[in-house]
Amino acid sequence: MTDAAIPDQRNDDGDDDGSMSRRSVLRTTAGVAGAGLGLSALGTGTAAAAQTARSATAPQAPSPARQGRTMAGVPFERRGTVRVGIVGLGNRGGSMIDLFLAVPGVRVIAVCDPVKAKAESAAAKVVAAGQAAPAVYTKGDDDYENLCKRGDIDFVYVATPWDLHFEMAKTALLNGKHVGVECPIAMRLDELWELVDLSERTRRHCMQLENCCYGRNEMRVLRMAHAGKFGELLHGAGAYNHDLRGLMFDPDYYEGPWRRLWHTRLRGDLYPNHGFGPVANYLDVNRGDRVVSISSFGTPALGLAEYRKAHMPPGDPSWKETYIESDRTISMLRTAKGRVIRLEHDVSTPHPYSRINSLGGTKGVFEDYPARIYIEPDHSDDAWGDFEAYTEWDHWLWKEHSDPPGGHGGMDYIMIFRVMQCMQLGLVPDFDVYDAATWTAPVPLSHASVKAKGAPMEMPDFTRGEWRKERSGVDSDKP
């Protein structure tokens, strides 16, 4: 299945598509390097896979003492031109570079990918856009470190396989760079805490670049919610329900089996961010409320094995894999204010694409896929209303960019434009390292809860109490 075969509506996130995947398969990041996750560690019975699961779900300790000052509400340094380095140039990074080049006042200084052809293709795009040829880093799996060491880069963008995200974000921060990472930002709680601490110590922002927060529907619902159109908010729901079976077994889409291998390691929600991020924004999570616990339940893992039996020839390497990832994971999150958030994850059974994207309160409810709304006093008689009747509530970003370029309906461009705008004008970013850690924490916590038959797991307070202070977020004022 090619990119062209993927409807633009679906946030398939080639985000970590094929770049650097050989390294992803051969070894994990430093935090689990000792586990020896090589090509032989494909089954769940290996010590390596077991170590991965144990590391991901180590018992929680109280929030560690803050090592620096909070990054909540901290603006970027103002700069007329934002100089960007891009790490990972497969399906996701190779397309996102076009959007960086489309934003005025942004220069792509350097690109990095161990697949030389991908890096050279990206460099050619930079030159074609009228910018100077970027530096190209292709000398092995660790050449991104040299990109991060450059003194002429302000922002590092990371679009590589998941188990590389933590090390790359860490390296960027330690070299004094702001960093934006495709989701999930890390796979373990200790890694999330380390990124929080590093962001505070280095005074550099570490952001989960969650494009779904910038979808037109999501931003409209956000503004309506904050204006009280749904009354007192009670519940929300989000998901990543996307049939990825064909893509996960397609060697031409994912360069190597790195994404499929996560289905041999963890049981819970591997990709919560697309559903969780927008709902967290609606409910002001980390900005007046916070998630305090998560309980997760998972079905048997049957879908990938059935697909393999029907489609993969004997002798294919995938036959050595044993899948444990629940075909569908359902998580219930509870907030300090008593609200409830439902998250779902299903990428291994046949079904239409949906992120659910629902919000309910004392005056009504919104549900997406398809978009529909029911709020008082506008609607009655149990009949859904037309969400397109509420375009007046569109966010100013969508009013200014009514037909944005790029994928996923334009949300990718809106996100990049806004991050770059905040850097150019010296504004506080719409989300920060605390949001990144919170939106990703369901990865290890849902795994632990599923293993414990749905027992609730405590959600860390990555803000260390800052969540009690109301502050702006994605529902930003026009500068």
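Here the structure is a predicted model, which means the values were calculated and not measured.

1. Thoughts on the overall build of the protein
Inference 1: Within the protein, the regular secondary structure consists of 16 helices and 14 strands.
Inference 2: The burial tally for the protein puts 62% of its 479 residues in the buried class.
Inference 3: In the protein, of all internal contacts separated by at least 6 residues, the share reaching a separation of at least 24 is 77%.
Inference 4: About 17,300 Å² of surface is accessible on the protein, with carbon and sulfur atoms providing 51% of the total.

2. Points about the pairing of strand β13 (residues 372-375)
Put simply, side chains in a regular strand alternate between the two faces of the sheet.
Inference 1: Pairing of strand β12 (residues 364-367) with β13, which is carried by four bridges, proceeds in the antiparallel orientation. Within β13, the position partnered with glycine 364 by the bridge is isoleucine 375.
Inference 2: Between β12 and β13, which follow one another and run antiparallel, lie four residues, and tyrosine 369 among them has a positive phi close to 60°.

3. What about the packing of helix α11 (residues 273-282) against helix α15 (residues 433-440)?
Inference 1: Running from N to C, α11 and α15 cross one another at 125°; their axes reach a closest spacing of 9 Å. In terms of orientation, α11 and α15 fall into the oblique class. For α11 against α15, the interelement crossing comes out right-handed. Contact with α11, carried on its side by Asn273, Phe276, Gly277, Ala280 and Asn281, involves Thr438, Trp439 and Thr440 of α15 and no other residues of that element.

4. Concerning the packing of aromatic side chains
Inference 1: The final tally for this structure, using the stated rule, is 15 aromatic pairs.
Inference 2: Between tryptophan 162 and tryptophan 258, the aromatic rings sit 5.4 Å apart at their centres with planes inclined by 75°, giving edge-to-face as the arrangement. In this pair, tryptophan 162 is assigned in helix α6 (residues 162-174) and tryptophan 258 in helix α10 (residues 258-261), connecting sequence segments 96 residues apart. We note that tryptophan 162, like tryptophan 258, is buried.
Inference 3: Using a relative accessible area of 1% as the deciding quantity, one classes tryptophan 258 as buried.
Inference 4: Put simply, the rings of Trp162, Tyr240, Tyr253, Tyr254, Trp258, Tyr271, Tyr353 and Tyr369 pair up and form one aromatic cluster.
Inference 5: The side chain of arginine 308 reaches across the aromatic face of tryptophan 319, ending 4.7 Å from its centre.

5. Quick notes on the sheet that holds β12
Backbone hydrogen bonds hold the strands of a sheet together, and the pairing may be parallel or antiparallel.
Inference 1: Judged by pairing direction, the sheet is mixed, and its eight strands sit side by side in the order β13-β12-β11-β7-β10-β9-β8-β14 without closing on themselves. Since the sheet does not close on itself, it has two edges, and those belong to β13 and β14 (457-458), each with one partner.
Inference 2: Pairing analysis gives six bridges linking strand β9 (residues 329-335) to strand β10 (residues 340-346), with the strands arranged antiparallel. When the bridges of β10 are listed, threonine 329 appears paired with histidine 345.
Inference 3: Its contacts with the sheet place α11 against β7 (233-241), β8 (291-298), β9, β10 and β11 (358-361), and it is angled at close to 160° to β7.

6. Quick look at unusual backbone geometry
Inference 1: For the bond running from cysteine 183 to proline 184, omega is -5°, close enough to zero to count as cis.
Inference 2: Note that proline 184 resides in the loop between β5 (178-181) and α7 (189-202).
Inference 3: Between tyrosine 369 and the following residue, proline 370, the backbone shows a cis peptide bond with an omega angle of 0°.
Inference 4: Within the secondary structure, proline 370 sits in the loop between β12 and β13.
Inference 5: Despite not being glycine, aspartate 382 shows a phi value in the positive range, around 55°.
Inference 6: By secondary structure assignment, the location of aspartate 382 is in the loop between β13 and α13 (396-400).
Inference 7: Residue aspartate 382 is classed as exposed on the basis of its relative accessible area, which comes to 72%.
Inference 8: In the Ramachandran plot, arginine 464 falls in the positive-phi region, its phi being about 55° despite a non-glycine side chain.
Inference 9: On the secondary structure map, arginine 464 appears in the segment after β14.
Inference 10: Its relative accessible area of 17% is what places arginine 464 among the buried residues.

7. Side note on the environment of isoleucine 330
Inference 1: Secondary-structure assignment places isoleucine 330 in strand β9.
Inference 2: Each C-alpha atom, one on isoleucine 330 and one on serine 296, is 5.6 Å from the other, the two residues being 34 residues apart in sequence.

8. A few points about α15
For the α-helix, the turn length of 3.6 residues means that residues three or four positions removed from each other point alike.
Inference 1: In terms of burial, α15 is largely enclosed, as eight of its eight residues are buried.
Inference 2: For α15, every residue scored as buried is listed here: Val433, Tyr434, Asp435, Ala436, Ala437, Thr438, Trp439 and Thr440.
Inference 3: On its buried face, α15 is in contact with α7, β6 (206-208), α11 and α16 (442-451).
Inference 4: The N-cap of α15, judged by a side-chain oxygen 3.1 Å from the amide nitrogen of tyrosine 434 a few residues on, is aspartate 432.

9. So, the sheet that holds strand β2 (residues 106-112)
Inference 1: Taken together, six strands build an open sheet; the order of strands is β3-β2-β1-β4-β5-β6 and the sheet is parallel. Lying at the two open borders of the sheet, with one neighbouring strand each, are β3 (135-137) and β6. On average, adjacent strands in this sheet sit at an angle of 25° to one another, irrespective of strand direction.
Inference 2: In terms of strand pairing, strand β1 (residues 82-87) meets strand β4 (residues 155-158) through four bridges, oriented parallel. In the strand pairing of β4, glycine 85 is matched with valine 156.
Inference 3: Where α6 meets the sheet, it contacts β1, β4, β5 and β6, and its direction lies at approximately 165° from that of β5.
Inference 4: The strands touched by helix α14 (residues 411-425) are β1, β2, β4, β5 and β6; relative to β1, the strand with the most contacts, the crossing angle is about 140°.

10. Section: the pairing of β7
Inference 1: With respect to burial, β7 is a largely interior element, seven of its nine residues being buried.
Inference 2: Sheet topology note: the β7/β10 ladder contains seven bridges and is parallel. Looking at β10, one finds that glycine 236 is bridged to isoleucine 341.

11. A look at α11
Inference 1: Among the ten residues in α11, ten count as buried, and that is most of the element.
Inference 2: Those residues of α11 lying buried are Asn273, His274, Gly275, Phe276, Gly277, Pro278, Val279, Ala280, Asn281 and Tyr282.

Cut-offs used in this document
- Residues numbered from 1 in each chain as written.
- Predicted model: local features only at pLDDT ≥ 70, side-chain atom pairs only at ≥ 80, totals over all residues.
- Heavy atoms only, no water.
- Helix = DSSP H or I, 4+ residues; strand = E, 2+ residues; numbered from the N terminus.
- Buried < 20%, exposed > 50% of the residue type's maximum accessible area, 1.4 Å probe, protein only.
- Contact = heavy atoms within 4.5 Å.
- Areas by Shrake-Rupley, 256 points an atom, 1.4 Å probe, with all protein chains shown as cover.
- Pairing = 2+ DSSP bridges.
- Axes fitted to C-alpha atoms, helices over the stretch in contact; angles between N-to-C directions.
- Parallel < 35°, antiparallel > 145°, perpendicular 65-115°, else oblique.
- Left-handed = near helix turned anticlockwise from the far one by under 90°.
- Phe/Tyr/Trp six-rings, centres within 6.5 Å; stacked < 30°, edge-to-face > 60°.
- Lys NZ or Arg CZ within 6 Å of the ring centre and 35° of its normal.
- Polar contact = N/O pair within 3.5 Å; in protein donor to acceptor, adjacent residues only side chain to side chain.

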